[in-house]
Each structure stands twice: as C-alpha cells, then as structure tokens.
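Structure assessment
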Amino acid sequence: MRLSFLLFAIPLFAQLSGEAPPGAKVELLSPAGQVIATTTADANGKYKFDVEGAAVRIEGQKITVTARRGAVEEAGEALLLANVVSADNIAERPGLTLGNALEGETGILVQQTTTAQVSPFLRGLTGYQVLNLIDGVRFNNSTFRSGPNQYLAYVEPSQANRLEATLGPSGVPYGSDSMGGTIQVLTEPARFDGGIHGELSLGGATADLSGRGMGRVGISTARSFFLFGASGARHQDLRAGGGFDSRSVYRRLYGLSNERIQDLVGERLQDTGFRQYGVEAKAAFRPTDRDLLSVNYLRGEQDLVRNYKDLNGGLGRLISTLEPQTLDFLYGRYERQKLGWLDTLSGTLSLNRQTDGGTRQNLRTTDAITRDFVRVNSFGYSGLATAHLGRWAGLSFGGDIYDEFVDSTRTVNGAATRALYPPDSRYTSTATFVQSYLQPFRRLRANVGLRWTGIHYAERWYRDVTFESSLRYELVGPLSVFGTVSRGFRAPNLNDLGSLGLNDLGYEIPAAETIPAGALLATSAGENALSQGRALEALGAETLLNYEFGFRFKTRDTLFRIQGYDSELSDPIVRRTVLFPANNAPTSLAGLPVTVIPPTPQQAAQGVVTVATQFDPRAVKAFVNDGASRYYGLETMFESRFASRWMVAANYSYIRGRDLNPNRNIRRLPPQLGALRLRYMMPGRRPWMEAAMEAAGRQDRLSGGDVDDERIGASFRRSDVAGFFNGSRTLPISESLQQIQDRWLPIGATINGVLVVNDNSRVPLYTGTAGWAAFHVRAGIPIGEKLDAIVALENLFDQNYRLHGSGTDAPGRNFYLRLRYRF
C-alpha cells in the first residue's frame, strides 16, 4: 500500500511521529512544498521523522494546497476556497491544454479562443486579473492581455504534478493581479528516497485524432535528486459536437445551414490542429538535514497554432497564426530549516522568458500581412521567512522584485514599422508582505496579511497596499462559520499602457495617443457606443474589495462548503470604443491613417463619430478607467466517501455582475455552472469507474461588447457580408451578393430585436450562449503491477455546445485511451 500522507505545515520544530496505515508512504513537506524527508509506516502503522520539519500534524489521504504562502495545508482547512487537480486527475481527462484540467471545478469557467489556448475565468475575471504561478514564482508578466489569453497553455500538461486554483483575491502572499483568484502550477517535487522512479505514457483521443506521449525519470540518494522528462502531443483538427461549428463564418455571414457547411468544409473545424512539446529538468541537494538547494527548468513550446475565431470561426480572415509560442522557465531556490528565531528561510532567483507572436492578413490577398514578435525576459528575486509564536500563532513575511525587459518588433509586408509595444520597454514591480495566522483557542482561527506594491514604467509609479483578513469559528461539532474581507490591486501593465494592434473587438491604440486628438469616453466597446460627454484621461490603477461569508461541514469522509461573496471593482481598466467630435475627427492616430465610419443615428444626434484603421473595419478601441463594477454570487462544493468504495463530488456556482455607472451587464459574465461525479473504487490495485456530468445555464446577460464578439453574439452587417463575399475565398454557391444580403439581412426586417436600416446596421446572430449538459464515463484499469490504462468516453451524446465566450465549440463524442507504465 503506497499512500502519500502530506503534512499540515504550521511552522514548529520537533521530532515528528504518529500513526498511518501499515506500509503507507509518509512524506514531510517544507513550507515551499518540497519533500524534505520520506519514511514508511511499519507493520503497526507507526512512523517517525528524525529530521526537524515544518509540520505539526499529519492528515491521512488529504489533498493539500499552498493558498497561504509559507505553508502547505489541507484543502478542507484553507479559509479560501481552493480547487485542487492532481497529476492523476490530469491524466484521466483528454484535455487539450493544462488549463482544461480545471473544467468542472467550482467557480471556474474555462474559455478557449482557439484549441491551443485556454483562459480560466475565476469569479468572472480572467486574463491579467487572474494571477498565475509556477512553484510560487510569478508567471504573469506585463504583456498579459486583459481578456482571454493563452499563456497558461505554454506549460505542457504532464509537467504539472498538481494544479491549484484559489478563488478570490490572494494578492497579499503572491502579488498584484490576483483579483479573481490565483492559479498555481506545482511541478514534480524532489524526493530523497534513494531509488530510481519514472513514468512512461502514451495516449490518444478521437475528437481531434490526437496522440501524446511523455517520459520522466528521477534518480535520488539520501542527499541528492535528479529528474529529467520530455513530452509531446500532436492534435489534428477538432470535430465539435454534431460535426459542425455553431458560429462558422459561412453561417454567420452567408446564413448557410449546418448541413451545407459540412458539405463544403467537412465535419472538422479547419485550422484547429497544433503541436506541443515540453522538457523538464530538476536537481536538488540536501547537504544537511536543514538545507535544501534546488534548480528547476521547464521548456514549453507550441507550433502550428492558428487563431480559429479569426478564420472560419467567425471573421473569415485569410491568415491568423500564433507563432512563436514558447516558454523557458528557470529558477533556483535555497531553503534553510531553523535559523535562529526563524523556522524557515528561503530565497529564489528566477528567469521567466516568454515569446509570443503572430501573423495576420485580412479578407483579401491584397491586404497587408502583419507579423508581430514579442519576447519578455522577467528576472525574479524573492525571499520568504516563517516563524511561530508558541502553538497559537505563525508568521510568514518576505519580498519580491520582478524586473521585466520587453523586446517587440512588427513588420507589414516585410517592412519594419511601429511594434506592438514601445521599443526597449522595461517594467518593474517591487513588493513586501507579512502574513500571519492566529489560533488563540481550538475553535477559532484567523488569517491576516498586508502587502505593499510599487510598480514602475516609463517614469510613472503606481503604488498601493493590499490586505486580507479571514476568520473561522467552529460552531458545533463539524460545522463552522467563516468570513473574509480582502482587497486586490492591479496597476496598468504594458499591455494597457502601450499596446498597438488588433484585439478581439477591433484595432487598439493606447489611450495616451488618442487624448491629444480630442478623444471622448464612450459608453461601451460596441460599434454603436455613445459618448459619456467627457474627454479620455490617463490610466490609473484598478482595485477590488471582496467580502465572503459561508459555512463549512467537515468530517473524516465528508466536506461540504457553501459561501456567498460580493466583489466591488473600482476604476476598472476596460476597453472602450474611441469617439471623436464629428467636426474634428482625426486623419491619423499613433502614426496610422484612420477613416471615419458612418455614424449611427444616435451617434449623429450626439455629433460624434468613430474611426477605423486599414487593418480592421471596426471602430478603434482603447483601454480606459471607467466607472465601477460589482460581482456577487454563490459557490458550493460537496465531496464524500461512503460505503467504503464510493465517492461522490458535486459543485455549483452562480454569479451576477453589473457595471454600476451606467448600470448594465458585465463583459463575458459566466453562466451558472455545475458538475457531478460518482466514482466506484475497488480495494487495492483494482479498476475504478466514474460517471460525470458538467452543465451550464443559458447566458443571455450580454454586454455591448459581447453582442459584437464573434465568439458570443457574433453581430454582423450587410457590409460585412460584402467584404467577405468580395474577398479571395470562393464557394460553389449560385447566389449573388445581393441575393445573400437580401435573404440573410433584408432591409426593413427586424432580426433578433434589431431593425435593419441600411448596410451598416449591426445584427446579432445570437442573443446568448445556450445552456448545455455533457455526460462522460471514465475508468482506470490496472494491467499489471506497474502498468495501467485509463479509458474515457467524453460528451457521450455528441452534443454541440459552447463554453461561454469561447472561439470554438466543445469537442464532440470523444474516445480517450492512455497507457501508463510506472517504475
């Protein structure tokens, strides 16, 4: 029997001993999550550690999290709600990327603009409002985009030993950007057990005709550990449920039926295939029982990635690739146990190098081909210390510096032009924090923390203080009540302050370069946006104040948690359409020529117009601070083991959100989400079987930007039909342009609540994202002592559905097989 027993890491020092199932493997973890000692329970279930470790209590078969920096604690004990996905859980599902492993977890919507990208929404926020970490090192950089982005997908799935997603602001321990929550990737820990361990696996899935493989080997002595691994996957074009795309450009702009589109392009989503590779290496040394030195390197790369929603997925562009997409992540860490009055002390040096780029061409072969390249080198320096005050209080404190250097180039038809970001950009963040838990008596526990952050870019400083405070009180028996008040902070990053180029809703120009031209603040990011009657202003920081209250019921075999939250976002940094006075519209912005777009009747009545660049027919956008927003909702999770062999897990989340001034729907607000799993586990190394369901409610609370987004409302005009028809693509259809327009968008008709007045009337294809429920069956089958198989049939009924805000429909019926050999 090999069960890992992980430790609740409140920093105290004593020789540790206790009881566990006979033969169980017991691991002692450092505050950074590294395995610093292992042992095995004897025939009587007794074990003992002769090394001083960072723990006071052992929890049998418990899932642990690192939500509180400087401690490893049981997930059920964490004051913030934490979703934990183990390496085994990742292997059991045919997810396209690492982030897909979070599908079905509490309070999380996993959005994909294209198959190779993934952007989890935590409590309605994503992009740079969610903080990503790898082994406690900051993964976000200053070029992360505001909306859905692909960066978490840079980490190859098999490189993760565990994936954690903590809901709500956790900026005190881990820094700014943690407003919706924090996602942490934890890699394979070092183990000093004097053996050779490894894993080989091969697998594939039918929905995308994919194949993947990985190999890893670790060699250790009592004082050293070495690990090397490599992995790769090839994904072909995806077949969505029913074999069709609900927002295909041929449906959106030509109004063709699903059957007709299948006749033209087949059942698979063209240009959704991609390849991914990963390499990992780790070395760790324990010169003494109290010292640990480790070096870890990850390499991730994707190629053949195309942005499907720009192609057949909605816009119909000729070229939209995402290349290069690479990650080099390196850190070295020194940890010392017991140094004077400190329980632990650690220091980390890191390099986070990410390269990102793409090539775009609009609808005609004569349109310009734009190529972008961005490389970010982020150098990190951090320190962490922990201490304790008797058995009733613990303390962690430290600081971080992340110094980023950004290299960006752009060519248009081969000629160098102004890049996406200003040349030789540098963005530096500095922070210091202190965090403490207090447990004056058994039933009461509190966490408090404070963090100061200073960010510097181009002679500008952004400074703020974030805090958190949590309290839990055991009412009676297993029932507890808890509450949290916390504050998040995010300064404008380089993407907000300096980006120039195409985005999801049009061409983006820095607000600072539109202000001298007399730009006006618009009411939304929609094409029909109106003026708020005031000029644009320079960007400032956004802040979030979060309140939570809930109940927890916890026994040895059951955990139930229900909580409500209210998050108030002030001065949010959002995209807005850029408006100008009709009698003073500019002819160029940021060195680019712009042309006036014919105004809507409402815009004409206000005397304002929008402008467009040659690269996109939609109105120019900019990032601005605008108003305030409020997110509030309910989250529940339930897990229970019963009848010794059965396990059931369920969760449900509901979120509402409004912009407060003016009062309206929030952009990309997730729908109701729920999941249910029932698993039967035979004793020992015997098969397990699982039935699962994931579901979402209909989401028709759309913002103006949602209506225009080709991934959601997919609005379009008669002029858009003409642009696509007159492009270079030809289809074997007999209708003329006029016939298509008059059939699909006849003048004078009211479609989805919009009157078609002229060729520029914008009509949504959909008024919301439909609700859905998908069913899956999975099983694990041991074949031998070291070999096992995982089989699954996902989306059992081949339903066509779309995760709200995604650029592709979900995979259709999908058979998945994975063989795994462990030694």
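Numbers given for residues are sequential positions, taken from 1 along each chain in its written order. pLDDT decides what is reported in this predicted model: residues at 70 or higher carry local features, side-chain atom pairs at 80 or more are listed and counted, and totals for whole chains, interfaces and linings draw on all residues regardless. Note: side-chain values were computed over all heavy atoms of the structure, leaving out hydrogens and water.

Points about the overall build of the protein chain
Heads up, the condition is: Segments assigned H or I by DSSP are reported as helices when at least four residues long, segments assigned E as strands when at least two residues long, and all are numbered from the N terminus. The globule rule is 2.2 Å times the number of residues to the power 0.38, and the radius of gyration it is compared with is taken over C-alpha atoms. Burial classes: relative accessible area under 20% of the type maximum marks a residue as buried, over 50% as exposed, and values in between as partly exposed (1.4 Å probe, protein chains only). Throughout, a contact is declared for two residues whenever any of their heavy atoms are within 4.5 Å. Here, Shrake-Rupley sampling with a 1.4 Å probe gives the accessible areas, and only protein chains in the shown set may cover a residue. Residues scored as charged are limited to Lys and Arg (positive) and Asp and Glu (negative), so that His and the chain ends carry no count. Think of each charge as sitting on NZ of Lys, CZ of Arg, CG of Asp or CD of Glu.
When helices and strands are tallied, the protein chain shows 10 helices and 54 strands. Over its C-alpha atoms the protein chain spans a radius of gyration of 27 Å, differing by no more than 12% from the 28 Å that the globule rule assigns to 823 residues. Its C-alpha atoms put the protein chain at 85 × 55 × 55 Å along the principal axes. By residue count, 60% of the 823 residues in the protein chain fall in the buried class. Long-range pairs, those at least 24 residues apart, make up 67% of the contacts in the protein chain between residues at least 6 apart in sequence. Accessible surface for the protein chain amounts to roughly 30,000 Å². Of this, 57% is attributable to carbon and sulfur atoms. Between the mean site of the 89 positive side-chain charges and the mean site of the 82 negative ones, the protein chain shows a separation of 3 Å.

Regarding helix 9 (residues 718–725)
Taken together, the buried positions of helix 9 are Arg718, Asp720, Val721, Ala722 and Phe724. Contact partners of the buried residues in helix 9: helix 3 (249–252) and helix 10 (737–744).

Notes on the pattern of salt bridges
As a reminder of what qualifies: We define a salt bridge as a side-chain nitrogen of Lys or Arg found within 4 Å of a carboxyl oxygen belonging to Asp or Glu.
Considering all chains together, one arrives at 58 salt bridges under this definition. Note that Asp356 is salt-bridged to Arg145, the shortest N-O span being 3.8 Å. Of this pair, Asp356 sits in strand 25 (residues 342–361) while Arg145 sits in the loop between strand 13 (137–138) and strand 14 (162–167), and the two are 211 residues apart along the sequence. The buried category is assigned to Asp356, whose relative accessible area is 15%. Since its relative accessible area comes to 24%, Arg145 is described here as partly exposed.

A closer look at the side chain of Asp403
Condition: Polar contact is the term for a pair of N or O atoms within 3.5 Å; when the atoms are in protein, one must be able to donate a hydrogen and the other to accept it, and sequence-neighboring residues count only if both atoms are side-chain atoms.
Inspection of the secondary structure puts Asp403 in strand 27 (residues 393–412). Among the polar contacts made by the side chain of Asp403, one reaches the side chain of Arg426 at a distance of 2.6 Å. Excluding its chain neighbours within four sequence positions, the residues that come into contact with Asp403 are Asn377, Ser378, Phe379, Arg426, Tyr427 and Thr428.

A closer look at the sheet that holds strand 9 (residues 82–86)
Selection criterion: Strands pair, by our definition, only if DSSP identifies at least two bridges between them.
On the basis of which strands lie adjacent, the open sheet formed by 5 strands has the order 9-14-15-12-13 and mixed pairing. Either end of the sheet is taken by a strand with one partner, and the two such strands are strand 9 and strand 13. In terms of strand pairing, strand 12 (residues 130–134) meets strand 13 through 2 bridges, oriented antiparallel. If you follow Leu133 over to strand 13, its bridge partner there is Arg138.

Digging into unusual backbone geometry
For the bond from Glu323 to Pro324, the omega torsion is -5°, close enough to zero to count as cis. Tracing the sequence through the fold places Pro324 in the loop between strand 23 (319–321) and strand 24 (325–339). Pro662 follows Asn661 through a cis peptide bond whose omega is 0°. Within the secondary structure, Pro662 sits in the loop between strand 46 (646–660) and strand 47 (663–665). The residue Leu209 is not glycine, and still its phi comes out positive at about 50°. Residue placement: Leu209 occurs in the loop between strand 16 (196–205) and strand 17 (210–220). In this model, Leu304 sits at a positive phi of 60°, which is unusual for a non-glycine residue. Inspection of the secondary structure assignment puts Leu304 in the loop between strand 22 (291–303) and strand 23. For Leu304, a relative accessible area of 36% corresponds to the partly exposed category.

Looking at the confidence of the model for the protein chain
The predicted coordinates of low-pLDDT regions are not to be read in fine detail. Test applied: Within a predicted model, pLDDT stands for the predictor's per-residue confidence, ranging from 0 to 100.
Residues at a pLDDT of 70 or more form 91% of the protein chain, whose mean pLDDT is 89. When the elements of the protein chain are averaged for pLDDT, strand 1 (residues 7–8) gives the smallest value, 33, and strand 19 (residues 238–239) the largest, 98. Low pLDDT, under 50, characterises residues 1–16; the predicted model gives this stretch 84 contacts beyond four residues in sequence or across chains. For residues 51–62, every residue scores under 50 in pLDDT, and the model assigns this stretch 48 contacts once sequence neighbours within four places are set aside.

Section: the pairing of strand 29 (residues 425–441)
Pairing of strand 27 with strand 29, which is carried by 14 bridges, proceeds in the antiparallel orientation. Opposite Leu395, over in strand 29, you have Ser436 as the bridge partner. In this structure, strand 29 lies alongside strand 30 (residues 444–457), joined through 13 bridges in antiparallel fashion. The partner of Gln435 across the bridge, within strand 30, is Gly449. Between strand 29 and the antiparallel strand that follows it, strand 30, lie 2 residues.

What about helix 10?
Heads up, the condition is: An arc is given here, and it is the one of the directions from the helix axis to the C-beta atoms.
For helix 10, the full list of buried residues reads Leu737, Ile740, Gln741 and Trp744. Within helix 10, the buried residues cover an arc of 95° as seen down the axis, which keeps them to one side. Check the buried side of helix 10 and you find it contacts helix 3, helix 9 and strand 50 (750–751).

Thoughts on the packing of aromatic side chains
Condition: Pairing of aromatic side chains here covers Phe, Tyr and the six-membered ring of Trp, requires ring centres within 6.5 Å, and sorts the geometry by plane angle: under 30 degrees stacked, over 60 edge-to-face, intermediate tilted. We count a charge as sitting over a ring when the NZ of a lysine or the CZ of an arginine lies within 6 Å of the ring centre and within 35 degrees of the ring normal.
Scanning the model with the defined rule gives 21 aromatic pairs in all. Three or more aromatic residues joined by ring pairs make a cluster, and in this case those are Phe139, Phe144, Tyr151, Tyr154, Phe329 and Tyr331. Here the basic side chain of Arg286 rests over the ring of Phe192, its NZ or CZ set 5.6 Å away from the ring centre. Looking at Arg490, its charged tip hangs above the ring of Tyr128, at a distance of 3.4 Å from the centre.

Points about the side chain of Ser436
Within the element layout of this structure, Ser436 appears in strand 29. A distance of 2.8 Å separates a polar atom in the side chain of Ser436 from the backbone oxygen of Gly394. Residues in contact with Ser436, not counting those within four places in the same chain, are Gly394, Leu395, Ala446, Asn447 and Val448.

Description of the pairing of strand 49 (residues 688–696)
Put simply, side chains in a regular strand alternate between the two faces of the sheet. With 9 bridges joining them, strand 48 (residues 673–681) and strand 49 adopt antiparallel strand pairing. In the sheet register, Arg679 faces strand 49, and the bridge partner there is Glu690. The pairing of strand 49 with strand 52 (residues 772–782) spans 9 bridges and is classified as antiparallel. Paired with Ala696 across the bridge in strand 52 is Trp772.

Description of the nonpolar core
Note on soluble globular proteins: their nonpolar side chains tend to be buried together. Where we set the bar: Only buried Ala, Val, Leu, Ile, Met, Phe, Trp, Tyr and Cys residues count toward a nonpolar core, and they belong to the same one when joined by side-chain atoms within 4.5 Å.
One finds Leu98, Leu102, Phe139, Leu163, Ile183, Val185 and Phe329 to be the most contacted residues of the largest nonpolar core, which totals 49 residues. Not counting residues within four places of it along the chain, the set of residues in contact with Leu98 comprises Ile90, Leu152, Val155, Pro157, Ala160, Leu163 and Val185. With 19 residues, the next largest nonpolar core counts Leu256, Leu363, Phe716 and Ala722 among its residues.

Observations regarding the environment of Ser350
Tracing the backbone through its elements, the reader meets Ser350 in strand 25. Spatially, the C-alpha atoms of Ser350 and Arg818 are 34 Å apart, while their sequence positions differ by 468 residues.

Notes on the environment of Arg818
Following the sequence through the fold, Arg818 ends up in strand 54 (residues 814–822). Apart from residues no more than four positions distant in its own chain, Arg818 is found in contact with Ala91, Ser201, Leu202, Gly203, Arg212, Met214, Asp788, Ala789 and Ile790. Within the structure, Arg818 has its side chain in polar contact with the side chain of Ser201 (distance 3.1 Å).

Observations regarding the packing of helix 9 against helix 10
For any two helices packed against each other, one specifies the crossing angle of their axes together with the interaxial distance. Applicable threshold: Axis lines are fitted to C-alpha atoms, over the contacting stretch for helices. Their N-to-C directions set the angle, which ranges from 0 to 180 degrees. Crossings are assigned a handedness: left-handed for a near helix turned anticlockwise from the far helix by less than a right angle, right-handed for a clockwise turn. Polar here means any residue outside two lists: the nonpolar Ala, Val, Leu, Ile, Met, Phe, Trp, Tyr, Cys and Pro, and the charged Asp, Glu, Lys and Arg; Gly therefore counts as polar.
Viewed as axis vectors pointing N to C, helix 9 and helix 10 meet at an angle of 145°, and their least axial separation amounts to 10 Å. For helix 9 against helix 10, the interelement crossing comes out right-handed. Contact residues: helix 9 offers Arg718, Ser719, Val721, Ala722 and Phe725, while helix 10 offers Leu737, Gln738, Ile740, Gln741 and Asp742. Each residue belonging to the contact of helix 9 with helix 10 can be placed in one class, and the counts come to 5 nonpolar, 3 polar and 2 charged.

Concerning the environment of Ala101
Mapped onto the secondary structure, Ala101 falls in the loop between helix 1 (87–91) and strand 10 (108–111). What makes Ala101 buried here is its relative accessible area of 8%. Contacts of Ala101, omitting those with residues within four sequence positions, involve Val85, Ile90, Arg93 and Leu163.

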